Amino acid sequence: MELDKMDENDWKYHGEGNKSLVVSHLQHCRVLRLLKFPSEDSAHTRQTAEQAFRHILNIVDYSKYVMKPLLGEKYIHSGEVVKLPLDFVRQLSLKVQQERPELRCDKVMDTFSGCGLCLPNLTQLPLHHLRDHRPPICVEIKPKCGFLPFSRHITKECKRKVCRFCMHQHYKLANGKWKRLSRYCPLDLFSGSKQRMYVALKNLLEEPQNNLKIFKGGELIFSCKDDAKQQPDLNDLIQHLWPYFPHSNGLYNSHQPGKAVLNEFIQVICSSLLSGGDSNRSGEPRKMHLSESRPHCEASPFPRDLLRNGNHGLPKDSVLSKILQVQMLDNLDIEGIYPLYKRVEQYLEEFPKERNRLQIDGPYNESFMDTVKNCPTEDDGSVEYAVGKVHQYRVAMTAKDCSIMITFAPCEEDEEHQLNLEKPRFTYSVSILDLDPKPYEGIPHQYKLDTKIVNYYLRSTQAPPPSSLYKERQECTLLFHAV
Ligand SMILES: O=P(O)(O)O[C@@H]1[C@@H](OP(=O)(O)O)[C@H](OP(=O)(O)O)[C@H](O)[C@H](OP(=O)(O)O)[C@H]1OP(=O)(O)O
Ligand SMILES: Nc1ncnc2c1ncn2[C@@H]1O[C@H](COP(=O)(O)OP(=O)(O)OP(=O)(O)O)[C@@H](O)[C@H]1O
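Residues numbered from 1 in each chain as written. Chains lettered and ligands numbered in written order. Predicted model: local features only at pLDDT ≥ 70, side-chain atom pairs only at ≥ 80, totals over all residues. Heavy atoms only, no water.

- The name an unreviewed UniProt entry gives the chain is Inositol-pentakisphosphate 2-kinase, with Phoxinus phoxinus as the organism.
- In its Sequence similarities (unreviewed entry) section, the UniProt record describing the chain reads: "Belongs to the IPK1 type 2 family."
- Under the UniProt heading Catalytic activity (unreviewed entry), the entry covering the chain gives this text: "1D-myo-inositol 1,3,4,5,6-pentakisphosphate + ATP = 1D-myo-inositol hexakisphosphate + ADP + H(+)". (UniProt positions renumbered as here; feature names shortened; annotations may be inferred.)

Next comes the structure, spelled out in structure tokens:
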């Protein structure tokens, strides 16, 4: 890719989140990730190219020196910062505008700094794997927080029983962010039990929201609809998946062949999420167990009587286990972190120059990583302890908001990295993306949001219904029983 010969016609819109917009190259397996800003915020126009460059460099350093050592080399692609011609970025911004979903248009692409991040296109597989005519399928999952908080600082008992994702659903529905509740529960996905993972993935397929996207040959084929009222088309997905699971025709006596295809598809996803674990002497994968946290969320639709105390847990080096371990660096919960944040703030008010030494805004290097790894377990009242815990919390927040990309394609018998399934065989790769640092200044917002989510959940699930509704409830108990 020659940076001085960039042509917007070589790129197309690929996707976006809250903070960045991604375009993919038409020929090469590359994407460009460009930052976005609130459209009403003209302040970013004053951000110098130098500051923007530093910002993106911080993102790369954080991925390289903090997240990579914690999550494992093999899952992370940190990318490189590139300086792009301003004219190219402006033309690109105009070109992609019509493709952007309406709900993301509250922000505009950064067309001022000329800085971007160049990464491998993870929805594709490197060419040498592609001996088959069927293009790779890529499943992107944003799993969110996979454990129940266990901190002694928690003041609301429900946080120990119902996971943040399930509680947050009620708040999102009330705010109009989504039109239907998702039945996905992260604790099921992170359980390591194939049954529970199956249910979690099935629920993601039924209501993907922003937690599931599927690509075929790099093109998005399944996600939440732009019009949130519409449900995604599972039949359409099945049509796309048929050629990858041809023998599923024979399963289920062909009564529900579509169901068999989805069933196999889910199994492939489960296997890749659980793969990568090393084995102990008897060949059994080493497991990670959640000793500190209750392993089941009371709001999950998974039937309680099917919960067994079997030896589940996640294989130790699997992508899910790696992410969960980093998420669990948040062992004080926001309720325990907020007072420590205030301790740091007070200290910085007195000694503003200490901000750099304490690496509040980076740089994200080995020394930052040392503070994260070697933070004392007991509070000695020092600012160092407070900063260490705040750093750990922010790292955990990144892991709670990252995405996993599983890309697989049919392969030939002798290829490495095969999923260990009877038939068919796939070559696959698993990566973790969106590993940006979460801002230190975001902590007060997190504290308020946590209170809102919990209070809203308690009000919406425990409040006595309005009197007229109550009458109806008594008359039709069968229809209105609590879920
Ligand atoms: O707070 P949450 O759990 O709602 O997470 C936010 C995400 O919402 P979600 O609940 O996944 O739909 C949110 O995602 P969406 O914009 O809703 O797709 C962002 O990922 C946000 O991170 P950032 O501010 O862009 O760095 C996320 O904010 P952080 O809390 O990770 O900073
Ligand atoms: N390296 C990559 N290869 C392929 N697709 C990518 C890559 N990086 C990002 N994408 C796509 O672009 C989308 C947006 O990217 P990303 O999640 O990094 O945005 P974000 O704005 O940081 O997200 P968030 O809303 O979580 O803050 C992703 O959901 C994914 O589909």
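1. Some remarks on the overall build of the chain
Thought 1: Broken down by element type, the chain carries 15 helices and 13 strands.
Thought 2: Pairs at least 24 residues apart make up 71% of the contacts formed inside the chain by residues separated by at least 6 positions.
Thought 3: For the chain, the accessible area works out to roughly 24400 Å², and carbon and sulfur atoms hold 49% of it. (Helix = DSSP H or I, 4+ residues; strand = E, 2+ residues; numbered from the N terminus. Contact = heavy atoms within 4.5 Å. Areas by Shrake-Rupley, 256 points an atom, 1.4 Å probe, with all protein chains shown as cover.)

2. Description of the pairing of strand 7 (residues 137-141)
Thought 1: Of all 5 residues that make up strand 7, 5 are buried, and the element is covered over most of its length.
Thought 2: By the bridge criterion, 5 bridges tie strand 7 to strand 12 (residues 403-410) in an arrangement that is antiparallel. The residue bridging Glu 140 from the neighbouring strand is Met 405, located in strand 12. (Buried < 20%, exposed > 50% of the residue type's maximum accessible area, 1.4 Å probe, protein only. Pairing = 2+ DSSP bridges.)

3. Overview of unusual backbone geometry
Thought 1: With omega at 0 degrees, the peptide bond leading from Gly 362 into Pro 363 counts as cis.
Thought 2: Mapped onto the secondary structure, Pro 363 falls in the loop between helix 10 (354-357) and helix 11 (366-373).
Thought 3: If you check the backbone angles, Lys 144 has positive phi at about 65 degrees while not being a glycine.
Thought 4: Its identity is not glycine, yet Asp 333 carries a phi of approximately 70 degrees, on the positive side.

4. Quick look at helix 11
Three- or four-residue spacings in an α-helix give side chains the same orientation, since the helix completes a turn every 3.6 residues.
Thought 1: Looking at helix 11, one finds that the buried residues are Phe 368, Met 369 and Val 372. When helix 11 is viewed along its axis, its buried side chains cluster within an angular range of 100 degrees and face the same direction.
Thought 2: Those residues of helix 11 that are buried are in contact with helix 1 (49-71) and helix 12 (383-400). (Arc of directions from axis to C-beta.)

5. So, the packing of helix 9 (residues 333-350) against helix 12
Thought 1: Helix 12 packs onto helix 9 with a crossing angle of 130 degrees between their chain directions and a minimal axis gap of 9 Å. It follows that helix 9 is oblique to helix 12 by the angle criterion. Once helix 9 is placed against helix 12, the crossing between them reads as left-handed. The residues of helix 12 that touch helix 9, namely those facing Ile 334, Ile 337, Leu 340, Tyr 341, Arg 343, Val 344 and Tyr 347, are Val 383, Tyr 385, Ala 386, Val 387, Lys 389, Val 390 and Tyr 393.
Thought 2: Partitioned by chemical class, the residues of the contact of helix 9 with helix 12 number 12 nonpolar, no polar and 2 charged. (Axes fitted to C-alpha atoms, helices over the stretch in contact; angles between N-to-C directions. Parallel < 35°, antiparallel > 145°, perpendicular 65-115°, else oblique. Left-handed = near helix turned anticlockwise from the far one by under 90°. Nonpolar A, V, L, I, M, F, W, Y, C, P; charged D, E, K, R; others polar.)

6. Observations concerning the pattern of salt bridges
Thought 1: As enumerated under the stated definition, the model contains 23 salt bridges in all.
Thought 2: For Arg 196, the salt bridge goes to Asp 188, with nearest N and O atoms at 2.7 Å.
Thought 3: The buried category is assigned to Asp 188, whose relative accessible area is 0%. (Salt bridge = Lys/Arg side-chain N within 4 Å of Asp/Glu carboxyl O.)

7. Quick look at the pairing of strand 3 (residues 30-38)
Thought 1: Along strand 3, 7 of the 9 residues are buried, which leaves the element largely enclosed by surrounding structure.
Thought 2: In this sheet, strand 3 lies alongside strand 2 (residues 20-25) in antiparallel orientation, the contact comprising 5 bridges. When the sheet's bridge partners are listed, Ser 20 is paired in strand 3 with Leu 35.
Thought 3: Where strand 2 folds back on strand 3, the antiparallel hairpin that results is connected by 4 residues.
Thought 4: Of the pairings in the sheet, the one linking strand 3 to strand 6 (residues 115-120) comprises 4 bridges and is antiparallel in character.

8. A look at the packing of helix 1 against helix 12
Thought 1: Orientation of helix 1 relative to helix 12, taken along the N-to-C sense of each, is 80 degrees, at an axis distance of 12 Å. Taken together, the axes of helix 1 and helix 12 lie roughly perpendicular to each other. Contacts between helix 1 and helix 12 involve Tyr 62, Val 66, Met 67 and Leu 70 from the former and Arg 394, Val 395, Thr 398 and Ala 399 from the latter.
Thought 2: Each residue belonging to the contact of helix 1 with helix 12 can be placed in one class, and the counts come to 6 nonpolar, 1 polar and 1 charged.

9. A look at the site of ligand 1
Thought 1: Lining the immediate environment of ligand 1, one finds 15 residues, of which Arg 104, Lys 172, Lys 177, Asp 401 and Lys 438 sit closest.
Thought 2: The side chain of Arg 104 places a nitrogen or oxygen atom 2.6 Å from an oxygen atom of ligand 1.
Thought 3: Here Asp 401 contributes a side-chain N or O atom positioned 2.7 Å from an oxygen atom of ligand 1.
Thought 4: Here ligand 1 has 600 Å² of accessible area as a free molecule, and 82% of this is covered by the chains.
Thought 5: Looking at the shell around ligand 1, the elements with two or more residues in it are helix 3 (164-175) and helix 13 (443-462).
Thought 6: Looking at which element gives the most residues to the shell around ligand 1, the answer is helix 3, with 3 residues.
Thought 7: A class-by-class count of the residues in the shell around ligand 1 yields 2 nonpolar, 4 polar and 9 charged. (Near = heavy atom within 4 Å. Polar contact = N/O pair within 3.5 Å; in protein donor to acceptor, adjacent residues only side chain to side chain.)

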